[in-house]
Amino acid sequence: MDVTFVDSAAILGSSRLHAASAGAKVAAFTLVLATVVVTNDVLVLLSALVLLLALAAGMGMPLRRMVPLALYPAVFAAVFAFASAPSALSAILIVGKAVTAALAGVVLMFSTPYPQVFGIVQRFVPGIVGDALLMTYRSLFLLAEKLASLSTAIKLRSGLSGRQPIRAFRATTRALGGLLLYALDLSQREYDVLRLRGYERRLRVRALPSADVAMDRALLVGAAGLLGITITVRAVPEAVGIYSWMLAALSLLTLAVTATVRRRKS
Amino acid sequence: MSHIHIPDGVLPVWLWGAGWLVALVALMIASRISERESVRRKVPLLGVISALVLVAMSTEIVPIAYHVNLTVIAGAILGPWMSIISAFVVQVILALLGHGGVTVIGLNTIQTATEMILGWLLFRAFVRVLGRPRVRWAAAITTVLTLAVTTTMLVGLVALAGAGPAAMRETGALNPATLRFGNPLDGGVVNVGLFGGGEHAAEEESHADESPLSVTRFAAVVYTLGPIGWLLEALVTAGVLGYVARVRPSLVFEGGLAEAEPPHFGDEHGRH
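Because the structure is predicted, anything quoted here is derived from the model rather than measured.

**Quick notes on the overall build of chain B**
Across its full length, chain B carries 9 helices and 4 strands. Counting from the amino terminus, chain B carries its helices and strands in the arrangement α-α-β-β-α-α-α-α-β-β-α-α-α. Looking at chain B as a whole, 53% of its 272 residues are labelled buried. At a minimum sequence separation of 6, the contacts of chain B that also span at least 24 residues come to 69%.

Here is the structure:
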């Protein structure tokens, strides 16, 4: 999980998705999530997944870095599906739900700076929780970087190899212990900064206005439309469900077109 | 098992809804208590320890689908109330990065917070019983017991969720036999006939025992793979807490808000 890359992609990106407001993107994300929760049709789920991929491809987002992140929960979902699903098709549905929901989250985080997303979450949670969210994300970068350098140091000095597992294990636990001590020192430094700046129980995040209102609307209409279709397919499966392949075909066509346009542009 | 790796839309709505409710109530109480004093010190501490747990969780041991959690360490340092806040923060960030569902944040918070609080409680008890020199043993036993309890909680959750199709129809859960989610408005508890299809209820009930979500198989898998993870986690926790107990004992025995003690020169090897 390369959080530094996620953050730089969100801040430096210049696509229309990046220009949309955080509120619209979080609302669209919620609607896509509702689609994942409501759907029981593998083809509708596939359509949602493909449309998300098409959106990311069309906006020129780094798919090679995004897709592995979205596939990460598939490993755990597959274990759950293997352990409890009664058929291959239901296992596909379980894994598909994990990947689609994860991709929606990854698209949001790759296109929106984290303070903007957490600023929205902050409105619904107690002050200390909202502040802890912001502090955690900030510390995550520092600790991930520190762990990477500690791992390199261990490789060079102790040798993290399969041939000496006990030695490597000892070195790893010492590195984690060192990381814990570093984390505590970091917390002390952050406390000093908060005291200097006169922190009074709330870190304020200024919401950035939308730079592309049309995109905001398109996202909301698209996500609401997808949820609407999903609810219809679930409510009247006999009448509408048999046509869900058309939605899947349309989404695949959309992905093909956006991929072609993207290739030509690059 | 610090959090359930079950995607959105698989567990019944009542279950994850109840999870959110319990987690939010616990979060409100924990926030109110934590905000009473020294918030300036607590916010950065919460941030770094939650980040540490996230960094640990991002390293996966693929063959057994396991990652180190460091939740017992986090619990020992944060104490019970801040642990609840930290558990919630960790789960929100994990969900946004695609690891763990958004709907199951509540259940995951309960799971992680239980692990941290139990870790804090048992670790203190075992240190008292075994003595400070055996801090590694205390940490290892605590971790195994804590993970065994939370893994059993996970199996309990799946058992609650994995009732037969008739119950699923009433709770909104996925019916694996038909690949349909139960519609709570479709017969059963509230029979309003909004979406039609009530005539299938009797048919579903007749298949109720044929293909329920296999709790037995799920339990067999997690209790087979789980102990490998518990052992790994126990070794890491014991190693880390043992190391920190040598260089900063107050941190381990008094918590993260304790003042750092001055170094004892000539005691670099931790013979205290």
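From this point on, the discussion continues.
**Observations regarding the overall build of chain A**
Helix and strand content of chain A: 12 helices and 0 strands. Moving toward the C terminus, one meets the helices and strands of chain A in the order α-α-α-α-α-α-α-α-α-α-α-α. Taking all 266 residues of chain A together, 45% fall into the buried category. Within chain A, counting contacts between residues at least 6 apart in sequence, those at least 24 apart form 79% of the total.

**Observations regarding the interface of chain B and chain A**
Listed as interface residues are 69 residues of chain B and, on the opposing side, 69 residues of chain A. Those elements that place two or more of their residues in the side of chain B that touches chain A are α1 (13-34), α2 (39-57), α3 (71-96), β4 (180-181) and α8 (215-247) of chain B. With 16 residues, the single largest contributor to the side of chain B that touches chain A is α2(B). Across the side of chain B that touches chain A, the residue classes tally to 44 nonpolar, 17 polar and 8 charged.

**Observations regarding helix α5 (residues 63-84) of chain A**
Here α5(A) spans 31 Å end to end across 22 residues, near enough to the 32 Å set by a 1.5 Å rise per residue. When α5(A) is considered as a whole, its buried residues turn out to be Met66(A), Leu69(A), Ala70(A), Tyr72(A), Pro73(A), Phe76(A), Ala77(A), Phe80(A), Ala81(A), Ala83(A) and Ser84(A). Contact partners of the buried residues in α5(A): α4 (42-58) and α6 (88-111) of chain A together with α5 (135-161) and α8 of chain B.

**Focus: the environment of Ala138(B)**
Residues and elements named next belong to chain B. Examined against the element boundaries, alanine 138 turns out to sit in helix α5. By C-beta crowding, alanine 138 is classed as buried, having 27 other C-beta atoms within 10 Å. Separated by 96 residues in the primary sequence, alanine 138 and alanine 234 have C-alpha atoms spaced 9.9 Å apart. Setting aside chain neighbours within four positions, we find alanine 138 in contact with Phe123, Phe126, Val127 and Leu130.

**Details of helix α10 (residues 213-235) of chain A**
In an α-helix, one full turn covers 3.6 residues, which means residues spaced three or four apart are oriented alike. All names here are of chain A. For α10, spanning 23 residues, the distance from its first C-alpha to its last is 33 Å, which sits close to the expected 33 Å at 1.5 Å a residue. Burial in α10 covers these residues: Met215, Asp216, Leu219, Ala223, Leu226, Leu227, Ile229, Thr230 and Val233. Buried residues in α10 make contact with α2 (16-19), α3 (22-38), α4, α11 (237-240) and α12 (244-265).

**As for the nonpolar core**
One finds Val32(A), Leu52(A), Ile49(B), Leu52(B), Ile85(B), Val89(B) and Leu241(B) to be the most contacted residues of the largest nonpolar core, which totals 163 residues. Among the elements that line this core, the one with the most residues is α3(B), at 19 residues. Counting contributing residues per domain, this core is built from domain 1 (3-119 + 209-265) and domain 2 (125-196) of chain A, each supplying no fewer than three. Other than its neighbours up to four places away in sequence, Ile85(B) contacts Ile128(A), Val129(A), Ala132(A), Leu27(B), Ala30(B), Ser31(B), Ser34(B) and Leu46(B).

**So, the packing of helix α1 (residues 3-12) of chain A against α6(A)**
All names here are of chain A. Interaxial distance between α1 and α6 falls to 6 Å at its minimum, and their mutual angle equals 60 degrees. Taking contact as the criterion, the partners of Val6, Ala9 and Ala10 in α1 are, on α6, Met109, Phe110 and Ser111. For the contact of α1 with α6, the residue count by class is 5 nonpolar, 1 polar and no charged.

**Observations regarding the domain arrangement of chain A**
Residue and element names in this part refer to chain A. For chain A, the assigned domains are domain 1 (3-119 + 209-265) and domain 2 (125-196). Spacing between the C-alpha centres of domain 1 and domain 2 amounts to 32 Å. On the domain 2 side, the residues contacting the 5 residues of domain 1 number 7 residues. Per-class residue counts for the side of domain 1 that touches domain 2 are 4 nonpolar, 1 polar and no charged.

**Here's the deal with the environment of Ile110(B)**
Tracing the backbone shows Ile110(B) in helix α4 (residues 105-130). Expressed as a C-alpha distance, the spacing of Ile110(B) and Val22(B), which sit 88 residues apart in the sequence, is 7.8 Å.

**Some thoughts on unusual backbone geometry**
Of note in the backbone geometry, Leu70(B) takes a positive phi value of approximately 60 degrees without being a glycine. In this structure, Leu70(B) sits in the loop between β2 (66-67) and α3.

**Some thoughts on the environment of Ala26(B)**
All names here are of chain B. By the secondary structure assignment, alanine 26 is in helix α1. Overall, the presence of 19 C-beta atoms within 10 Å leaves alanine 26 in the partly exposed class. As a C-alpha pair, alanine 26 and tryptophan 81 span 55 residues in sequence and 8.9 Å in three-dimensional space. Setting aside residues up to four positions removed in sequence, alanine 26 forms contacts with Ile84 and Ala113.

**Here's the deal with the packing of α1(B) against α3(B)**
Pairs of packed helices are described in terms of their axes, by the angle between the two and the distance that separates them. Residues and elements named next belong to chain B. Orientation of α1 relative to α3, taken along the N-to-C sense of each, is 130 degrees, at an axis distance of 8 Å. One finds that α1 runs oblique with respect to α3. Crossing geometry of α1 relative to α3 is assigned as left-handed. Side by side, α1 and α3 meet where Ala23, Ala26, Leu27, Ala30, Ser31, Ile33 and Ser34 of the first sit next to Trp81, Met82, Ile84, Ile85 and Phe88 of the second. Of the residues assigned to the contact of α1 with α3, the class counts are 10 nonpolar, 2 polar and no charged.

**Section: the confidence of the model for chain B**
Residues and elements named next belong to chain B. Here chain B averages 76 in pLDDT, and 69% of its residues register 70 or above. Ranking the elements of chain B by mean pLDDT puts helix α6 (residues 165-171) last, at 39, and α4 first, at 94. Here residues 163-173 is a poorly scored stretch, pLDDT under 50, and it has 44 contacts once near neighbours within four places are set aside; other chains count. Long-range and interchain partners of residues 181-212, a stretch whose pLDDT sits below 50, account for 56 contacts in this model, where long-range means more than four residues apart. The ipTM assigned to the predicted complex is 0.84, against a pTM of 0.81.

Rules used in this analysis
- Every chain's residues receive numbers from 1 upward, in the order its sequence appears when written.
- Chain labels run from A onward and ligand labels from 1 onward, assigned in the order the entries are written.
- Local features are withheld for residues below a pLDDT of 70 in this predicted model, meaning they are given only at 70 or higher, and side-chain atom pairs are given and counted only at 80 or more; totals for whole chains, interfaces and linings count all residues.
- Only runs of H or I of at least four residues qualify as helices and only runs of E of at least two qualify as strands under DSSP, and these elements are numbered from the N terminus.
- In this scheme every C-beta is placed from the backbone, and a residue whose C-beta has 20 or more other C-beta atoms within 10 Å is buried, one with 12 or fewer is exposed, and one in between is partly exposed.
- C-beta atoms are placed from the backbone for every residue, and two residues are taken to be in contact when these atoms lie within 7 Å.
- Each residue gets one of three labels, nonpolar for Ala, Val, Leu, Ile, Met, Phe, Trp, Tyr, Cys and Pro, charged for Asp, Glu, Lys and Arg, and polar for the others, Gly among them.
- An expected span of 1.5 Å times one less than the residue number is assigned to each helix.
- Remark: nonpolar core denotes a set of buried Ala, Val, Leu, Ile, Met, Phe, Trp, Tyr and Cys residues whose joining runs through C-beta atoms within 7 Å.
- How far each domain reaches was decided by an automatic or database domain assignment.
- To define axes, lines are fitted to C-alpha atoms, for helices over the stretch in contact only, and angles between the resulting N-to-C directions are given on a 0 to 180 degree scale.
- What sets the label is the angle itself: under 35 degrees gives roughly parallel, over 145 gives roughly antiparallel, 65 to 115 gives roughly perpendicular, and the rest give oblique.
- Left-handed is the label given to a crossing in which the near helix is rotated counterclockwise from the far helix by less than a right angle, and right-handed is the label when the rotation is clockwise.
- On a scale of 0 to 100, pLDDT captures the predictor's confidence in every residue.

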